[in-house]
Amino acid sequence: MTKNMKRISYITLLIIIALMGTFIGRGLESGKVFALAETYEELKVFTEVLSLVQKNYVEETKSKDLVYGAIKGMLNTLDPHTSFMPPEVYKEMQVDTKGEFGGLGIQIGIKDNMLTVIAPIEGTPADKAGIKAGDKIIKIDGKPTKDMTLIDAVGKLRGQKGTKVTITILREGVADPLDVVITREVIKIQSVRSKIVEGNIGYVRITQFQEQTGDDLKKALKKLESDKVQSLIIDLRNNPGGLLTMAVEVSEQFVESGKLIVFIKDRKGEKDEFISRITGPVKSYPMVVLVNEGSASASEIVAGALQDWGKAIVVGTQTFGKGSVQTVIPLSDGSGLRLTTAKYYTPKGKSIQSTGIIPDIVIKPPVPKTAKDGKERPILREKDLEKHLKNDTIKEEPAPKIEEEAAPIAFDEKSEKEDIQLQKAIELLKTWKIFKELNPEKKAG
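Rules of the game
Note on numbering: residues in each chain are counted from 1, in written sequence order. Local features in a predicted model are, by the rule used here, given only for residues with pLDDT of at least 70; side-chain atom pairs are given and counted only at 80 or more, and totals for whole chains, interfaces and linings are based on all residues. Only heavy atoms go into the side-chain values, all of them from the structure, while hydrogens and water stay out. To qualify as a helix, a DSSP run of H or I must reach at least 4 residues; to qualify as a strand, a run of E must reach at least 2; elements of each kind are numbered from the N terminus. Between buried and exposed lies partly exposed: a residue is buried under 20% and exposed over 50% of the maximum accessible area for its type, with that area taken using a 1.4 Å probe on protein chains only. Contacts: residue pairs with any heavy atoms within 4.5 Å of one another. Working definition of accessibility: Shrake-Rupley area with a 1.4 Å probe, residue cover restricted to the visible protein chains. Expected helix span is computed as 1.5 Å times (number of residues minus one). What the arc measures is the spread of directions leading from the helix axis to the C-beta atoms. When a carboxyl oxygen of Asp or Glu lies within 4 Å of a side-chain nitrogen of Lys or Arg, that pair is called a salt bridge. Axis angles are defined between N-to-C directions and span 0 to 180 degrees, where every axis is a line fitted to C-alpha atoms and, for a helix, only to the segment in contact. Every angle not falling under 35 degrees, over 145, or within 65 to 115 is termed oblique; those three ranges are roughly parallel, roughly antiparallel and roughly perpendicular. Crossings are sorted by hand: turned counterclockwise from the far helix by less than a right angle, the near helix makes the crossing left-handed, and turned clockwise it makes it right-handed. Side-chain classes are defined by residue name, with Ala, Val, Leu, Ile, Met, Phe, Trp, Tyr, Cys and Pro counting as nonpolar, Asp, Glu, Lys and Arg as charged, and the others, Gly among them, as polar. Pairing between strands is defined by DSSP: at least two bridges between the two strands are required. The rule is short: rings of Phe, Tyr and Trp, with Trp giving its six-membered ring, pair when the centres are within 6.5 Å, and they are stacked under 30 degrees, edge-to-face over 60, tilted in between. Charge-over-ring placement is defined geometrically: NZ (Lys) or CZ (Arg) within 6 Å of the ring centre, and within 35 degrees of the ring normal. If the strands point away from the viewer and the path from the first strand over the helix to the second runs clockwise, then the crossover is right-handed.

*Asks:* Please provide a residue-by-residue account of the overall build of the chain, values included.
*Replies:* A tally of regular secondary structure across the chain gives eleven helices and 20 strands. Every one of the 445 residues in the chain was classed for burial, and the buried ones make up 46%. For the chain, restricting intrachain contacts to residue pairs at least 6 apart in sequence, the fraction spanning at least 24 positions comes to 71%. Taken as a whole, the chain presents about 23300 Å² of accessible surface, with 54% of it coming from carbon and sulfur.

This is how it looks when you write it as structure tokens:
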């Protein structure tokens with residue numbers, strides 16, 4: 001047996017031992033022994049291919065690169081949120097939850113096998129450079145993004161402050177590709193901002209759910225209450241999500257102790273419930289939550305909980321629909337596995353997956369002046385992503401309770417007065433008593 005074959009056999013043996021450890025650790029249930037034998041037979045093919053590549057490929061190869069590539073290929077057959085993170089990417093992912101990293105400030109996904117912008121984060125280099133939701137990124141620094149994974153794309157877009165990256169985009173309504181040069185900055189995402197928008201109406205914008213978001217919201221609400229606000233708008237538009245624990249902390253400031261905020265369910269049907277643990281009274285003023293197609297994951301959990309418990313009226317457009325749970329598992333060489341392990345459900349038992357949260361009042365934003373043909377910009381949601389998981393609680397998309405479509409008013413730069421979704425929220429809070437009679441408090445089952 002050659003040295004290469006011995007090394008490959010050793011790698012395969014380690015994989016099989018790891019699989020056996022998984023089965024033994026969970027108990028040898030009915031059918032698992034057969035599954036292990038079947039997996040071993042299929043791994044023989046992997047060993048054969050690995051051997052042939054190492055012995056005959058036209059250029060020298062590294063075992064680590066081949067194994068990493070095989071892992072990525074395997075995970076690409078699953079849902080779009082499951083991914084393998086090499087050590088350097090895994091470290092960056094850990095930095096993300098701190099709310100600070102070097103990059104462009106852009107949320108991306110895969111649509112029609114193309115790297116697509118879901119939304120730029122406001123105030124970041126991508127936002128300032130004019131990157132828009134729906135833009136297709138076809139090259140990064142001249143390298144085509146075809147078949148590039150999200151993790152690889154994020155790795156190429158991020159970098160040290162002051163360095164430049166050129167992204168080539170295709171934009172709806174623009175004939176030729178656009179090259180956009182963006183200078184990376186340290187992206188410090190201030191997750192909570194607050195102010196008074198009109199009279200005694202408070203406004204809180206949550207841009208992402210990070211480690212400090214729960215505490216930051218408490219401080220913001222305390223400041224607004226000292227200014228005598230009597231009602232509140234929570235703006236979750238273009239909030240891509242973040243930490244589940246922070247979604248719970250935010251929700252429980254408005255949901256009484258002991259009430260369900262969200263539950264997750266794995267493929268075996270086992271449930272894990274997240275209950276409000278707030279000590280003391282909850283905030284009970286009239287409230288509107290603003291959402292749109294860029295509101296995803298943790299922001300959908302908050303909107304769903306407040307909607308189900310009748311704590312807020314949800315206004316805007318249908319949310320992104322990311323209702324799956326990813327568990328991050330560290331691996332032995334410093335890399336990590338981001339694995340989809342469960343789905344989120346609202347207190348009433350509705351799955352968020354692929355359908356998102358349907359607002360109580362649907363308000364579509366006006367068509368901007370840049371859309372000369374009058375067409376709406378392309379919208380990317382979870383259901384548009386390749387291999388997305390299906391919703392297991394509904395057969396058809398439920399219709400909103402009230403639908404209201406904005407007239408296509410042209411504008412260049414949106415101010416508060418031109419933000420029709422915000423203006424609808426203000427209008428509702430001004431007439432809350434009348435609206436409350438038409439929309440009595442809901443009870444979660």
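*Asks:* Describe helix α7 (residues 213-226), and please don't skip the residues or the numbers.
*Replies:* Here α7 spans 20 Å end to end across 14 residues, near enough to the 20 Å set by a 1.5 Å rise per residue. Every buried residue of α7 is listed here: Thr213, Gly214, Leu217, Ala220, Leu221 and Leu224. Buried residues of α7, viewed axially, fall in a sector of 125°; they line one side. Every exposed residue of α7 that faces more than 90 degrees away from the buried side is listed here: Lys219 and Lys222. Taken together, the buried residues of α7 touch β10 (192-198), β11 (201-206), β12 (231-235) and α8 (244-251).

*Asks:* Can you tell me about the pattern of salt bridges, naming the residues and giving the values?
*Replies:* A side chain of one charge can pair with a side chain of the opposite charge if their charged atoms are brought near each other. If you walk through the whole model with that rule in mind, you get 14 salt bridges. With a shortest N-O distance of 2.2 Å, Glu198 and Lys430 are connected by a salt bridge. Taken together, the positions of Glu198 in strand β10 and Lys430 in helix α10 (residues 420-430) put the pair 232 residues apart, joining distant regions of the chain. Ionic contacts of the salt-bridge type, sharing partners, join the residues Arg205, Asp235, Arg237 and Asp419 into one network.

*Asks:* Can you lay out the packing of α7 against α8 for me, pointing to particular residues and giving the numbers?
*Replies:* At a closest axis distance of 8 Å, the pairing of α7 and α8 adopts a crossing angle of 25°. Considered as vectors, α7 and α8 are oriented roughly parallel to each other. The interaxial crossing formed by α7 with α8 has right-handed handedness. Counted together, Thr213, Gly214, Asp215 and Leu217 of α7 and Met246, Glu249 and Val250 of α8 form the full contact between these two elements. For the contact of α7 with α8, the class distribution of residues is three nonpolar, two polar and two charged.

*Asks:* So what's going on with the packing of α8 against helix α9 (residues 298-308)? Which residues, and what values?
*Replies:* For any two helices packed against each other, one specifies the crossing angle of their axes together with the interaxial distance. The contact between α8 and α9 brings their axes to 9 Å, and the two run at 30°. With respect to α9, the axis of α8 lies roughly parallel. Judged by the sense of rotation from one axis to the other, the crossing of α8 with α9 is right-handed. Mapping the contact onto sequence places Leu244, Ala247, Val250 and Ser251 in α8 and Ala298, Ile301, Val302, Ala305 and Leu306 in α9. Its residues placed into classes, the contact of α8 with α9 shows eight nonpolar, one polar and no charged.

*Asks:* Give a detailed account of the pairing of strand β15 (residues 287-291), specifying residues and quantitative values.
*Replies:* Regular strands have side chains that alternate between both faces of the sheet. Of all five residues making up β15, five are buried, and the element is well covered by its neighbours. Along β15, one buried face is formed by Met287, Val289 and Val291 and the opposite face, lined by Val288 and Leu290, is buried too. One ladder, built from four bridges, connects β12 with β15; its direction is parallel. For Leu232, the partnering residue across the bridge sits in β15 and is Met287. Here β15 runs beside strand β16 (residues 313-316); their pairing, made up of four bridges, is parallel. Following the sheet pairing, Val289 is matched in β16 by Val314.

*Asks:* Please give an account of the environment of Leu429 that cites residues and values.
*Replies:* Among the secondary structure elements, Leu429 is positioned in helix α10. C-alpha separation for the pair Leu429 and Gln230, spaced 199 residues apart in sequence, amounts to 9.4 Å. Not counting residues within four places of it along the chain, the set of residues in contact with Leu429 comprises Ile201, Ser231, Leu232, Ile233, Pro286, Met287 and Val288.

*Asks:* Lay out the packing of aromatic side chains with the relevant residues and their values.
*Replies:* Across all of its chains, the model carries two aromatic pairs by this definition. Measuring from ring centre to ring centre gives 4.8 Å for Tyr68 and Phe84, while their planes differ by 70°; the resulting arrangement is edge-to-face. Of the two residues, Tyr68 sits in helix α3 (residues 63-75) while Phe84 sits in strand β1 (residues 83-85), which places them 16 residues apart along the sequence. A ring pair is formed by Phe263 and Tyr345, whose centres lie 5.1 Å apart and whose planes are at 10°; its orientation type is stacked. One end of the pair, Phe263, is in strand β13 (residues 260-265); the other, Tyr345, is in strand β18 (residues 336-345), and 82 residues separate them in sequence. Taken individually, Phe263 and Tyr345 each receive the classification buried, so the pair is uniform in this respect. One Lys or Arg, Lys271, reaches over the ring of Phe263 and ends 4.4 Å from the middle of that ring.

*Asks:* Tell me about the pairing of β12, and please be specific about residues and values.
*Replies:* For β12, a buried count of five out of five residues is recorded, marking the element as mostly surrounded by other parts of the structure. Both faces of β12 are covered, namely the face carrying Ser231, Ile233 and Asp235 and the face carrying Leu232 and Ile234. For the segment spanning β11, α7 and β12, crossover handedness is right-handed.

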